Amino acid sequence: MQAFKTLTSRFVPLSMENVDTDQIIPARFLKATTRNGFGKNLFRDWRYDKNDNPKPDFILNKPEYTGSILVAGKNFGSGSSREHAAWAVLDYGFQAVVSSFFADIFRNNALNNGVLPVQVSEEFLQKIFQQDKQSTLTIDLVNQKIRINATGEEESFEINNYKKTCLINGYDDIDYLISLKEEIAQFEKQLH
């Protein structure tokens, strides 16, 4: 995984609430077992018509909206437990998703795959949605803060300490255990 400490980027505002995993990546695209290639089908039914033509009014099809941060409405990632939803978000190019509420399963799948879910208050989320399309956000994982750069307003966010350590170092669960190799060896020595 890619290490994540601080990210400053423009953002893509998806103000819809209750976006479930089937909307993030429809079930018909879940046949692959590797993480690659899911980004092209992120929000597939919202992005494309039945003839595979981009829908010009959908936010991801508007070239003026770019960035490594997806800002979504309340209750993002509800529904079925499909890790593919986190894969699609990451493969599309988003390193973080900001919302006022995440479904637990999506949150965990995102963290396990190197996508930082940043949960903010509903009030702060609405302030982000009010920014113009050139505005940027800064997410500081080390200090657990998110800032709207145009206004300087910021808010703290929570994250599990173990997952924070993994993201900062670019570790998956196995990498984390390998990083403890010497401590594990010392512990084993004490047992014998």
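Residues numbered from 1 in each chain as written. Predicted model: local features only at pLDDT ≥ 70, side-chain atom pairs only at ≥ 80, totals over all residues. Heavy atoms only, no water.

Thoughts on helix 4 (residues 104–112)
In an α-helix there are 3.6 residues to a turn, and that puts residues three or four apart on one side.
No. 1: Of all the residues in helix 4, the buried ones are F106, R107, N109, A110 and L111.
No. 2: Close packing links the buried residues of helix 4 with helix 1 (21–24), helix 3 (83–92), strand 4 (116–119) and helix 6 (161–169).
No. 3: G114 occupies a position one or two residues after helix 4 and carries a positive phi of about 90°. (Buried < 20%, exposed > 50% of the residue type's maximum accessible area, 1.4 Å probe, protein only. Helix = DSSP H or I, 4+ residues; strand = E, 2+ residues; numbered from the N terminus. Contact = heavy atoms within 4.5 Å.)

Quick word on the packing of aromatic side chains
No. 1: Overall, the coordinates contain eight aromatic pairs when judged by the stated rule.
No. 2: Look at F38 and W87: their rings are 5.5 Å apart centre to centre, the planes differ by 55°, and that puts the pair in the tilted class. Pair noted here: F38 is in the loop between helix 1 and helix 2 (44–47) and W87 is in helix 3, with a separation of 49 residues, a long-range link. This pair shows no difference in class: F38 is buried, exactly as W87 is.
No. 3: Each residue in the set F43, W46 and F58 is aromatic and connected to the rest through ring pairs, giving one cluster.
No. 4: Its end group placed over the ring of Y48, R44 keeps NZ or CZ at 4.3 Å from the ring centre. (Phe/Tyr/Trp six-rings, centres within 6.5 Å; stacked < 30°, edge-to-face > 60°. Lys NZ or Arg CZ within 6 Å of the ring centre and 35° of its normal.)

Digging into the packing of helix 3 against helix 4
No. 1: Interhelical geometry of helix 3 versus helix 4 gives an angle of 50° and a closest axis separation of 8 Å. The angle between the axes of helix 3 and helix 4 places the two elements in the oblique class. Both helix 3 and helix 4 take part in a crossing whose hand is right-handed. Contact with helix 3, carried on its side by E83, A85, A86 and V89, involves F106, N109 and A110 of helix 4 and no other residues of that element. (Axes fitted to C-alpha atoms, helices over the stretch in contact; angles between N-to-C directions. Parallel < 35°, antiparallel > 145°, perpendicular 65-115°, else oblique. Left-handed = near helix turned anticlockwise from the far one by under 90°.)

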